[in-house]
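Here is what each chain is made of, one letter per residue.
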Amino acid sequence: MDELVGELARKAGIDAPVAEKTVGIMLDFLRSEGPPETVQALLYRIPGAEAAIAAAREGAGLSRLMGGGLMAVGTRLMGLGLAITDIQKIARELFAFGRGRIGADRMGVIIAGTPGLGQFA
């Protein structure tokens, strides 16, 4: 997880704590909305993914009660101070990281099988 968080923080120009929260929120979204088997394969390949997801859920508060989906994730990420362009850049980096972990084909299954993600790929 440290490798992913550090890479995202550097490439997106954000602080490491924000990058860590962002990763947790995004992985939580993938787990909730994406193809379960393929997402789980990705999560197994990212040490610390489960802890990041748990931390993201703890800090969700009311936003978790208001529904899910891509719009809710965007709202949570913007609440961290991220702009849409930052979110797009981070998503692309997360997908590239995922391709390195589970391969382009399996990452493609996640992107195609998760509502709204195609616009970020």
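These numbers come from a predicted model, not from an experiment.

Visitor: Just to check I follow, could you spell out helix α2 (residues 16–33) for this structure?
Guide: A turn of α-helix holds 3.6 residues, and therefore any two residues three or four places apart point the same way. Here α2 contains 18 residues, and its C-alpha end-to-end distance of 25 Å stays within 8% of the 26 Å for a straight helix at 1.5 Å per residue. Among the residues of α2, those classed as buried are Ala19, Thr22, Val23, Gly24, Ile25, Met26, Leu27, Asp28, Phe29 and Leu30.

Visitor: Explanation requested: the nonpolar core in the structure shown.
Guide: Met1, Leu4, Leu27, Leu30 and Ile46 are the most contacted members of the largest nonpolar core, which totals 37 residues. For this core, the secondary structure elements donating two or more residues are α1 (2–12), α2, α3 (36–44), α4 (49–58), α6 (69–79), α7 (84–102) and α8 (104–113). Look past the residues within four positions of Leu4 in its chain and what remains in contact with it is Val23, Ile46, Leu94 and Phe97.

Visitor: Would you explain the confidence of the model for the chain in this entry?
Guide: For residues with low pLDDT, the predicted coordinates do not support detailed interpretation. Summary statistics for the chain give a mean pLDDT of 89 and a share of 93% for residues scoring 70 or more. Ranking the helices and strands of the chain by mean pLDDT puts α3 first, with 97, and helix α5 (residues 62–65) last, with 53.

Visitor: Looking at this structure, how should I read α4?
Guide: Of the positions making up α4, those classed as buried are Ala49, Ala52, Ile53 and Ala56. One side of α4 carries all its buried residues, which in axial view fall inside an arc of 100°. In α4, the exposed positions angled more than 90 degrees off the buried face are occupied by Ala51 and Glu58. The inward-facing, buried residues of α4 contact α2, α3 and α6.

What counts, and where the lines are drawn
Residues numbered from 1 in each chain as written. Predicted model: local features only at pLDDT ≥ 70, side-chain atom pairs only at ≥ 80, totals over all residues. Heavy atoms only, no water. Helix = DSSP H or I, 4+ residues; strand = E, 2+ residues; numbered from the N terminus. Expected span 1.5 Å × (residues − 1). Buried < 20%, exposed > 50% of the residue type's maximum accessible area, 1.4 Å probe, protein only. Core = buried A, V, L, I, M, F, W, Y, C linked by side-chain atoms within 4.5 Å. Contact = heavy atoms within 4.5 Å. pLDDT = per-residue confidence, 0-100. Arc of directions from axis to C-beta.

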